[in-house]
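Structural overview for review
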Amino acid sequence: MTFEAIDAWWWPYLFIIVAGWLATDAWRFLGVVLGGRISETSEALVFVRAVATALVAAVIASLVLTPNGGLAEAPAWLRVGAVAAGFGVYLVTRQHMLAGIFVAEAVLLIGMALT
Amino acid sequence: MADPAPLPDHDDDITGERFRWYLRGFREVVSLPALILATSFVGFAALALEAGITLAQAVFMTGIVWALPAKVVLIGAIMAGNALPAAAFAVALSSVRLTPMVVALVPELKARGTRNWVLLLLSHFVAVTSWVIAMEKVREVPRGARTAWYGGVGSSLVILNMGVVTAVYLLAQDMPAPVSAALLILTPMYFLTSLWGSARERAGRVAMALGLVLGPLFALLTPEFSLLVTGLVGGTAAYLIHRFTAGRAGA
């Protein structure tokens, strides 16, 4: 039952619907059911937000540490260094997002040119 | 905040007003986050192309799955020749994080009388970028217009990126490594800065720092479940720290 198991035009779409749509929207729908019962100011929501935030932070870390495409050609220390420098500048400039992104890009590209 | 006349919670007279907010949400398509997300989709389209996915399948996947990590996992499973149940399980694991995100957003989106099917429909748009935009700006939108506004944000982003995937397939050419690297570093930089900026309380920032450290650690220890475990462990720890310090401040 792999992606290429059945030679019909509709099979890849069925595969995407079951393995892609069902496997993601089921969690979103569950969130609606649960979220409808929680008050906006409830303490439980602080906990839920903390869990969601830590999850997204883990996604960020994996994007930097196990990248694909051209970013994989930069060494790990350079990737982490560029992001850390950018985030440091973002904090120092009182949360100026563009300044942070600009510095991260500059460090990464200069580093790639030199290595 | 910008709107002087507060809207009633639910009233048919404000249909026109709601449409105006829908369009205002749609305008988020020309924003820095949208631009950064679009560059991430350039990377996704390149990956899909490499995996032998057709243009129609890639565009279909973009609209129906939407969350980028879930799609990357799905393509990984297809490339590895995984059977349908294994692929579905892997994608489901990578998407558990959507539940707490939706739970956090729904109480802020809904007004009195908001119908459940509207929320179910809107929840499909929840992925990191639109969630971050919403958590950052939803409180500037009048309560009764929030669902319309978020519908605009979500649908504009989906349409934009279906277009981006199509464009990459049609233009398909090899990007030089530095160009590709410069595009691919945008996503983590954007997530990092906006997540920090949109934190509702200090617990959010503690959770973010813990997630950054624990994520790679659990990726080594439990590669299959790393995101979920990181969220639970990091989130719980951040919450406990929050409770402990709040309790002391109150005493």
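Here the structure is a predicted model, which means the values were calculated and not measured. (Residues numbered from 1 in each chain as written. Chains lettered and ligands numbered in written order. Predicted model: local features only at pLDDT ≥ 70, side-chain atom pairs only at ≥ 80, totals over all residues. Heavy atoms only, no water.)

Overview of the overall build of chain B
Operational definition: By definition, any uninterrupted DSSP run of H or I lasting at least four residues is a helix, any uninterrupted run of E lasting at least two residues is a strand, and each is numbered from the N terminus. Based on C-alpha atoms, the radius of gyration is set beside the globule rule, defined as 2.2 Å times the residue count to the power 0.38. A 1.4 Å probe rolled over the protein chains alone gives each residue an accessible area, and that area as a share of the maximum for its type sets the label: buried under 20%, exposed over 50%, partly exposed in between. Whether two residues are in contact is decided by their heavy atoms, any of which lying within 4.5 Å being enough. Residue burial considers only the protein chains on display, and all accessible areas are found by Shrake-Rupley using a 1.4 Å probe. Charged residues are defined here as Lys and Arg on the positive side and Asp and Glu on the negative side; His and the ends of the chain fall outside this count. Each charge is placed at NZ for Lys, CZ for Arg, CG for Asp and CD for Glu.
Each helix and strand in chain B was counted, giving 13 helices and zero strands. Across chain B, helices and strands are ordered from the amino to the carboxyl terminus as α-α-α-α-α-α-α-α-α-α-α-α-α. In terms of C-alpha radius of gyration, chain B reaches 20 Å, essentially the compact-globule figure of 18 Å for 251 residues. For chain B, the spread of C-alpha atoms along the three principal axes comes to 50 × 50 × 35 Å. For chain B, the residues scored as buried account for 55% of the 251 residues in total. Excluding contacts between residues fewer than 6 apart, the proportion of contacts in chain B whose partners are at least 24 apart in sequence is 74%. In the structure as shown, chain B presents an accessible area of about 10600 Å², 68% of it carried by carbon and sulfur atoms. Seen as two clouds, the 18 positive and the 14 negative side-chain charges of chain B have centres 7 Å apart.

A few points about the interface of chain B and chain A
Just so we agree on the cut-off: The quantity reported as buried area is the accessible area (1.4 Å probe) lost by two parts once they are put together, taken as the sum for both. In the sections that follow, a salt bridge refers to a side-chain nitrogen of Lys or Arg positioned within 4 Å of a carboxyl oxygen of Asp or Glu. When residues are grouped by polarity, Ala, Val, Leu, Ile, Met, Phe, Trp, Tyr, Cys and Pro land in nonpolar, Asp, Glu, Lys and Arg in charged, and all others, Gly among them, in polar.
The partner chain A presents 70 residues to the 92 residues of chain B that form the contact. Taking both partners together, chain B and chain A bury about 6900 Å²; carbon and sulfur atoms supply 79% of that area. It is L84, I185 and M189 of chain B that lose the most area in chain B upon contact with chain A, and together they represent 10% of the buried surface on that side. Our count for the contact surface shared by chain B and chain A stands at two salt bridges. Here the side of chain B that touches chain A is built from residues that sort into 59 nonpolar, 23 polar and 10 charged.

Digging into the environment of S198 of chain B
Residue and element names in this part refer to chain B. As for its position among the elements, S198 is in the loop between helix 11 (186-197) and helix 12 (202-221). When its relative accessible area of 10% is taken as the criterion, S198 is described as buried. With 64 residues separating them along the chain, S198 and A134 place their C-alpha atoms 9.3 Å apart.

Thoughts on the domain arrangement of chain B
Residues and elements named next belong to chain B. Let me state the cut-off plainly: Note that domain bounds follow an automatic or database assignment of domains.
The domain architecture assigned to chain B consists of domain 1 (12-198) and domain 2 (200-251). The centre of domain 1, based on its C-alpha atoms, is set 24 Å off from the matching centre of domain 2. Taken together, the contacts link 12 residues of domain 1 with eight residues of domain 2. Across the domain 1 to domain 2 interface the summed buried area is about 980 Å²; carbon plus sulfur atoms make up 66%. Among the residues domain 1 hides against domain 2, the three largest losses belong to L93, L192 and W196. Together they make up 52% of the total. Between domain 1 and domain 2 we count zero salt bridges in total.

Side note on the confidence of the model for chain A
Quick reminder of the rule: A residue's pLDDT is the confidence the predictor assigns to it, expressed on a 0 to 100 scale.
The pLDDT averaged across chain A works out to 90; a share of 99% of its residues lies at or above 70. Taking the mean pLDDT of every element in chain A, the minimum, 84, falls on helix 2 (residues 43-65) of chain A and the maximum, 97, on helix 3 (residues 76-92) of chain A.

Digging into the nonpolar core
What counts, and what does not: Here the nonpolar core consists of buried residues drawn from Ala, Val, Leu, Ile, Met, Phe, Trp, Tyr and Cys, with membership extended through side-chain atoms lying within 4.5 Å.
Counting 97 residues, the largest nonpolar core has F15 and L108 of chain A together with I53, M61, W131, W149 and Y150 of chain B as the members making the most contacts within it. The greatest single-element share of this core, amounting to 10 residues, is contributed by helix 2 (residues 32-50) of chain B. Setting aside residues up to four positions removed in sequence, F15 of chain A forms contacts with M1, T2, F3 and G20 of chain A together with L74, I78, N82, A83, L84 and A87 of chain B.

So, a nonpolar patch on the surface
Spelled out, the test is: Only residues whose relative accessible area exceeds 30% and that form no salt bridge are eligible for patches; like-charged ones are grouped when within 9 Å, while nonpolar side chains (Val, Leu, Ile, Met, Phe, Trp, Tyr) are grouped when within 5 Å.
A cluster of nonpolar side chains, contributed by M1, I6, W9, W10 and L14 of chain A, occupies part of the molecular surface with about 570 Å² of accessible area. Along the chain, L14 of chain A falls in helix 1 (residues 11-35).

Quick look at the pattern of salt bridges
Considering all chains together, one arrives at six salt bridges over all chains under this definition. Taking the shortest distance from any N to any O, the salt bridge between R28 of chain A and D25 of chain A comes out at 2.5 Å. Of the two residues, R28 of chain A and D25 of chain A both sit in helix 1, three residues apart, roughly one turn of that helix. In this structure, R28 of chain A and D25 of chain A share a single accessibility class: buried. Here R243 of chain B makes a salt bridge to E43 of chain A, at a shortest N to O gap of 4.0 Å. Here R243 of chain B is found in helix 13 (residues 226-250), whereas its partner E43 of chain A is found in helix 2 on a different chain.

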